[in-house]
Amino acid sequence: MRGCKRCLLREAAEDDTYASVMEKVAKIPDADRVPDEVYRKRLTACASCDHLISGVCMKCGCYVEFRAAHRRMKCPDAAARRW
Ligand code: SF4
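Rules behind the numbers
- Residues numbered from 1 in each chain as written.
- Predicted model: local features only at pLDDT ≥ 70, side-chain atom pairs only at ≥ 80, totals over all residues.
- Heavy atoms only, no water.
- Near = heavy atom within 4 Å.
- 1 Å grid on protein atoms, 1.4 Å probe; cavity = no way out; pocket = protein on both sides within 12 Å on 5 of 7 lines; lining within 4 Å.
- Sits in = over half its atoms within 2 Å of the grid points.
- Disulfide = S-S within 2.5 Å.
- Buried < 20%, exposed > 50% of the residue type's maximum accessible area, 1.4 Å probe, protein only.
- Points joined across faces, edges and corners; volume = space filled by probe spheres on them.
- Helix = DSSP H or I, 4+ residues; strand = E, 2+ residues; numbered from the N terminus.
- Nonpolar A, V, L, I, M, F, W, Y, C, P; charged D, E, K, R; others polar.
- Lys, Arg positive; Asp, Glu negative; His and termini not counted.
- Salt bridge = Lys/Arg side-chain N within 4 Å of Asp/Glu carboxyl O.
- Polar contact = N/O pair within 3.5 Å; in protein donor to acceptor, adjacent residues only side chain to side chain.
- Contact = heavy atoms within 4.5 Å.
- Arc of directions from axis to C-beta.

## Re the site of the ligand
Around the ligand sit C46, C49, H51, L52, C57, K59, C75, P76, D77, R82 and W83, and that is every residue in its neighbourhood. When each cavity is represented as a set of grid points, the ligand is found to reside in the largest cavity.

Here it is as structure tokens:
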């Protein structure tokens with residue numbers, strides 16, 4: 001797959017990959033999950049970041065749509081943390 005710079009997974013991947021990631025997001029317990037508004041803000045920050053390629057953060061290798069949903073996760077770019 002050719003990388004899509006600054007694309008979230010929902011924009012870049014095949015539907016089954018996106019669905020699989022969102023299934024995992026849905027299984028995160030509420031106590032470990034950020035509110036929807038925080039989730040949207042995090043993904044907006046990722047969508048303007050040069051480290052995002054086809055939904056994957058090149059700093060950590062995670063699908064950001066999964067990582068951003070976790071309350072205890074942070075943006076891994078220590079030099080310019082966006083969330
Ligand atoms: S470095 Fe931070 S803002 Fe950039 S894609 Fe990774 S998690 Fe998102």
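## Looking at the state of the cysteines
Per the stated rule, a full pass over the model turns up one disulfide. Just so you know, C60 is unpaired, no disulfide at all, and the nearest cysteine sulfur is the one on C62, 3.5 Å from it. On the basis of relative accessible area, C60 is assigned to the partly exposed category, the value being 30%.

## Here we look at empty space enclosed by the protein
Where empty space is left in the structure can be found by rolling a water-sized probe over the atoms. As enumerated under the stated definition, the model contains one cavity of 30 Å³ or more in all. Its volume calculated, the largest cavity comes out at about 100 Å³. As for the largest cavity, its lining consists of 14 residues, and the residues nearest its centre are C46, C49, C57, V64 and C75. Within the residue set of the lining of the largest cavity, elements represented by two or more residues are α3 (36-46) and α4 (64-67). Split into classes, the residues belonging to the lining of the largest cavity amount to nine nonpolar, one polar and four charged.

## Examining the side chain of E65
With respect to the helices and strands, E65 occurs in helix α4. Despite its burial, E65 pairs with no opposite charge, the nearest such side chain being R10 at 4.4 Å. At a separation of 3.1 Å, a polar atom in the side chain of E65 contacts the main-chain amide nitrogen of R10. Setting aside residues up to four positions removed in sequence, E65 forms contacts with L8, L9, R10, Y18, V21, M22, V25, Y39, L43 and G55.

## Points about α3
Residues Y39, R42, L43, A45 and C46 constitute the buried set of α3. One side of α3 carries all its buried residues, which in axial view fall inside an arc of 155°. Relative to its buried face, α3 has exposed residues pointing more than 90 degrees away, namely R40, K41 and T44. Looking at the buried residues of α3, the elements they touch are α1 (9-12), α2 (15-26), β1 (52-53) and α4.

## Quick word on unusual backbone geometry
Unlike most non-glycine residues, R6 shows phi in positive territory, near 60°. Note on placement: R6 falls in the segment before α1. In this structure, S54 is a non-glycine residue whose phi angle is positive, near 50°. Considering the arrangement of structural elements, one finds S54 in the loop between β1 and β2 (56-57). Residue classification places S54 among the buried residues on the basis of a relative accessible area of 4%.

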